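This is what each chain is made of:
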Amino acid sequence: MSIESRIEYVTTDDGVSIACTKFGSGPPLIVHFGNPAGSAFEMEFEVPAFAATYELLASVSTVIRYDPRNTGLSTRGVDDVSIEANLRDLDTVRRHFQVESAALLFPMAWARIAVEYAAAHPERVTAILSPHPQLYPETGPESGRFNDLVQAAARLGPEVYASIRAVLSVGLEAHENAAWLARYTLEGADFDDMLRGSAVIGAHDARAPATMVRCPTLLLHRRLPRYAFGMASAEMLRDHRARITRLSASIPGAQSTMLDGSSIWYFGDDEMTARMVEFLRRVFADRAAAGAASDEATLGGLRTVLFTDIVGHTEMMQRLGDARGRDVLRDHERITREALSAHRGSEVKTDGDSFMASFGSVSAAVECAVALQRAFAQYNATNSEPIVVRMGLNVGEPIEEDGDFFGSAVILGARIKDQAGGGEILVPEAVRHMLSGKSFLFSDRGETMLKGFDDAVRLYEVRWRE
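Our subject in this report is the structure included herewith. No experiment lies behind these values; they were computed from the predicted model shown.

Thresholds applied
- Residues numbered from 1 in each chain as written.
- Predicted model: local features only at pLDDT ≥ 70, side-chain atom pairs only at ≥ 80, totals over all residues.
- Heavy atoms only, no water.
- Helix = DSSP H or I, 4+ residues; strand = E, 2+ residues; numbered from the N terminus.
- Buried < 20%, exposed > 50% of the residue type's maximum accessible area, 1.4 Å probe, protein only.
- Contact = heavy atoms within 4.5 Å.
- Areas by Shrake-Rupley, 256 points an atom, 1.4 Å probe, with all protein chains shown as cover.
- Lys, Arg positive; Asp, Glu negative; His and termini not counted.
- Charge placed at Lys NZ, Arg CZ, Asp CG, Glu CD.
- Core = buried A, V, L, I, M, F, W, Y, C linked by side-chain atoms within 4.5 Å.
- Pairing = 2+ DSSP bridges.
- Axes fitted to C-alpha atoms, helices over the stretch in contact; angles between N-to-C directions.
- Parallel < 35°, antiparallel > 145°, perpendicular 65-115°, else oblique.
- Left-handed = near helix turned anticlockwise from the far one by under 90°.
- Nonpolar A, V, L, I, M, F, W, Y, C, P; charged D, E, K, R; others polar.
- Phe/Tyr/Trp six-rings, centres within 6.5 Å; stacked < 30°, edge-to-face > 60°.
- Salt bridge = Lys/Arg side-chain N within 4 Å of Asp/Glu carboxyl O.
- Expected span 1.5 Å × (residues − 1).
- Arc of directions from axis to C-beta.
- Patch = residues over 30% accessible without salt bridge, like charges linked within 9 Å, V, L, I, M, F, W, Y side chains within 5 Å.

1. Re the overall build of the protein
When helices and strands are counted, the protein shows 15 helices and 17 strands. On the principal axes, the C-alpha backbone points of the protein span a range of 80 × 45 × 40 Å. For the protein, buried positions account for 56% of its 466 residues. By sequence separation, contacts in the protein at least 24 residues apart represent 73% of the contacts at least 6 residues apart. Surface accessibility of the protein: about 20,000 Å² in total, with carbon and sulfur atoms responsible for 51%. Charged side chains in the protein number 48 positive and 64 negative. The centres of these two groups are separated by 3 Å.

If you want it as C-alpha cells, here you go:
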C-alpha cells in the first residue's frame, strides 16, 4: 500500500514548526512509533510492514502522525525538550486538525506523554493503546542491562549507538528490521537532540497521572523480557512479570494483552495489529452508541447553541460579484461543516453567510468555535479574500420543532453574537461558569443590555489566540 497523505505544518505557541499528516477515515487516532526522541514518519511509509499496519489502522480511524520537535521534518535544535513541550506539540497538532478528542497509540516511553495528556485533558482522549509501555524510570536486571549497553554505545558516537540500540530492540535474528531501525534512528533526529530528549522523557515518572486516566486503555506486552540474548534467567523472568503487573495496575481498568516473543518491534506484527484494531473498533462503537443515547436524552433539554456570522458579507458580495462571492461562501460553508462534524455539532440552519448549530456539550461547542476561528485564520493567511466571522454562544433549554430551535435561550445566543467583533467569540456568564476547570481563557467584557431582555448580561470573550 502507498500511503496517500499530505505533509502539513503547524506552529506551536513557542514558535516550533511541527510536520504532520493524516489519512484514513473514521474517528481520529494519533500514532507514534519508537524512540521517544526520534521520529521520521515519511520513512515509515516506505516499509511494507509499516504500510500494512497503517492500512489496517486507517480502515477504522483517521490516522494522524506527526514528528515532535527536534525530529523528522519538524524544527530541530530546539532547546525546550520538556514534558510540557511534548504535550504542547501533541495539543497543537490536535487543534490543527480540528479534533475534539482522539485515541492515542503511544508505545514504550511515549506512554508517559499519553497518560499525562489524558490526565490533564480527559475530554480530549477517547482511548490509549500502548505496546511495551514504560511509565517510569525502571531498574532491575532487564532494564539495567539495556540501559548500561545503550549508555556505553552513546559514548562511541551516533552510528554505534543506532546500531546497538536497533539490535537490542528487535533481536539479533531480525537483521533487516535492525538495519532499517538503525537508519531510522540516525535520520530521525540529530544525535545531541536525541540524547537530550531521551534523557528527559526517560527520567520522567508518570505513575501519578496514570492513576487519573479514565479512558479505555490497552497495554500490550511480550511474554519474555526484552533484549534477552539466549535463555532469560529466572531473575529476569520474575522481574519482567512483576513489571507488567505494576504497569497494568497503575492505570484504572486497563486491559493487558500478552503476546509471544521478546522483541519490541510491533509494526507489521499481525497479532498485535489485530488486537489494536479490535480494541479500537469496540471503543469507537461504544462511543457512537453512547453519543446517540446522549443526543436522544438531551434533545429538547439542555443544549448549547452557537451562532456565526460573516462580518461585512454584503460589502463583500458587492465587491466580488455573485459568482466570486459565492465561491467564498462555499469555502465558509465547507470549513464550518467540517468543524461541526469534528465536534459533534448539529447544523440547525444556515443563510450561507451565517450558521446556527446546537451541541449536547458546552465544552464541545466552545471547542468548535475556537477550532472555527483558527481554521478561518489559517484560511485568511493564504487567500486574498479573507473570511472574518463573529460568534456567540448560549446554553439553555430551547423549544425544538421540526429540527429548529426557538425560545429565549436561542434569542439570547443570537443577541450575544451581534455584540461580537470580527474574529471574536462571546459567551454569557452561564457558559463560562459551566466551563470552570477547563483550559479555556476568558476576558471579562462587562455587563451589556441586549434587545428584548430586561436585565444586563455579563459577557466574556473566549481568548482563542492564546
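2. Quick look at the nonpolar core
Formed by 44 residues in total, the largest nonpolar core has its most connected members in Phe33, Tyr54, Leu57, Leu129 and Trp180. Of all the elements, helix α11 (residues 270-298) adds the most residues to this core, at 7 residues. Aside from chain neighbours lying at most four places away, what touches Leu57 is Leu29, Val31, Val63, Leu105, Val277 and Leu280. By size, the runner-up hydrophobic cluster in this structure holds 38 residues, among which are Val93, Val125, Leu135 and Ala210.

3. A word on the pairing of strand β1 (residues 8-11)
Here β1 shows a clear split, with Glu8 and Val10 buried on one side and none of Tyr9 and Thr11 buried on the other. Relative to strand β2 (residues 17-24), β1 is paired through 4 bridges, and the arrangement is antiparallel. Of the residues in β2, the one forming a bridge with Val10 is Ile18. Connecting the antiparallel pair β1 and β2 is a turn made up of 5 residues, with Gly15 showing a positive phi of about 85°.

4. Focus on the sheet that holds strand β6 (residues 125-131)
Paired through backbone hydrogen bonds, the strands of a sheet run either parallel or antiparallel to each other. Ordered by their spatial adjacency, 8 strands build an open sheet running β1-β2-β4-β3-β5-β6-β7-β8, and the pairing between neighbours is mixed. Strand pairing shows two members of the sheet lacking a second neighbour, β1 and β8 (255-259), which therefore form its edges. Sheet twist, expressed as the average angle between the axes of neighbouring strands with direction ignored, equals 25°. Here helix α2 (residues 48-58) sits on the sheet in contact with β2, β3 (28-31), β4 (62-67) and β5 (102-105), set at roughly 130° to β4.

5. What to know about the packing of helix α3 (residues 83-96) against helix α4 (residues 111-120)
With their axes 10 Å apart at the nearest point, α3 and α4 run at an angle of 70° to one another. When the axis of α3 is compared with that of α4, the two are roughly perpendicular. As for the relative orientation of α3 and α4, their crossing is right-handed in sense. Residues Ile83, Asn86, Leu87, Leu90, Asp91 and Arg94 of α3 touch α4, and the partners they reach there are Ile113, Glu116 and Tyr117. In the contact of α3 with α4, the residues fall into 5 nonpolar, 1 polar and 3 charged.

6. Observations concerning unusual backbone geometry
Phi is positive for Asn70, close to 70°, though the residue is something other than glycine. Checked against the element boundaries, Asn70 lands in the loop between β4 and α3. Look at Asn70 and you get buried, because its relative accessible area is 4%. Positive phi is not limited to glycine here, since Gln98 has a value of about 55°. Within the secondary structure, Gln98 is located in the loop between α3 and β5. You can call Gln98 buried: its relative accessible area is 13%.

7. Here we look at the side chain of Ser363
Mapped onto the elements of the fold, Ser363 is located in helix α13 (residues 362-382). Judged by relative accessible area, which is 16%, Ser363 ranks as buried. Setting aside anything within four residues of it in sequence, one finds Ser363 in contact with Leu435, Lys438 and Phe440.

8. Some points on the environment of Lys22
Structurally, Lys22 is set in strand β2. Classification of Lys22 by relative accessible area gives partly exposed; the value is 40%. Lys22 sits 15 residues away from Ile7 along the chain, and the two C-alpha atoms are 8.1 Å apart.

9. Quick look at the packing of aromatic side chains
This structure, assessed with the given rule, holds 11 aromatic pairs. Relative to Phe45, the ring of Phe41 lies with its centre 6.0 Å away and its plane at 40°, an arrangement referred to as tilted. No difference in accessibility class separates Phe41 from Phe45, as the two residues are buried. Relative to Tyr184, the ring of Trp180 has its centre 4.8 Å away and its plane inclined at 35°; by these criteria the two rings are tilted.

10. Considerations on the pattern of salt bridges
All chains considered together, the criterion is met by 34 salt bridges. Asp14 is the partner of Arg69 in a salt bridge, and the nearest nitrogen-oxygen pair spans 2.9 Å. Pair noted here: Arg69 is in the loop between β4 and α3 and Asp14 is in the loop between β1 and β2, with a separation of 55 residues, a long-range link. You can call Arg69 buried: its relative accessible area is 4%. A network of salt bridges, in which partner residues are shared, links Asp13, Asp14, Arg69, Asp80, Arg88 and Asp89.

11. Focus on helix α8 (residues 191-203)
Note on helix geometry: an α-helix contains 3.6 residues per turn, so any two residues three or four positions apart are oriented the same way. An ideal rise of 1.5 Å per residue puts 18 Å on 13 residues; α8 measures up with 18 Å between its terminal C-alpha atoms. For α8, the full list of buried residues reads Phe191, Asp193, Met194, Gly197, Ser198 and Ile201. On an axial view of α8, the arc spanned by its buried residues comes to 150°, and they lie on one face. Of the exposed residues in α8, the ones pointing more than 90 degrees away from its buried face are Asp192 and Ala203.

12. A few points about a nonpolar patch on the surface
Taken together, the side chains of Leu149, Leu156, Val160 and Ile164 present a nonpolar region at the surface, about 310 Å² in accessible area. Of note, Leu156 is situated in the loop between α5 (141-154) and α6 (158-170). Relative accessible area serves as the criterion here: at 61%, Leu156 is assigned to the exposed category.

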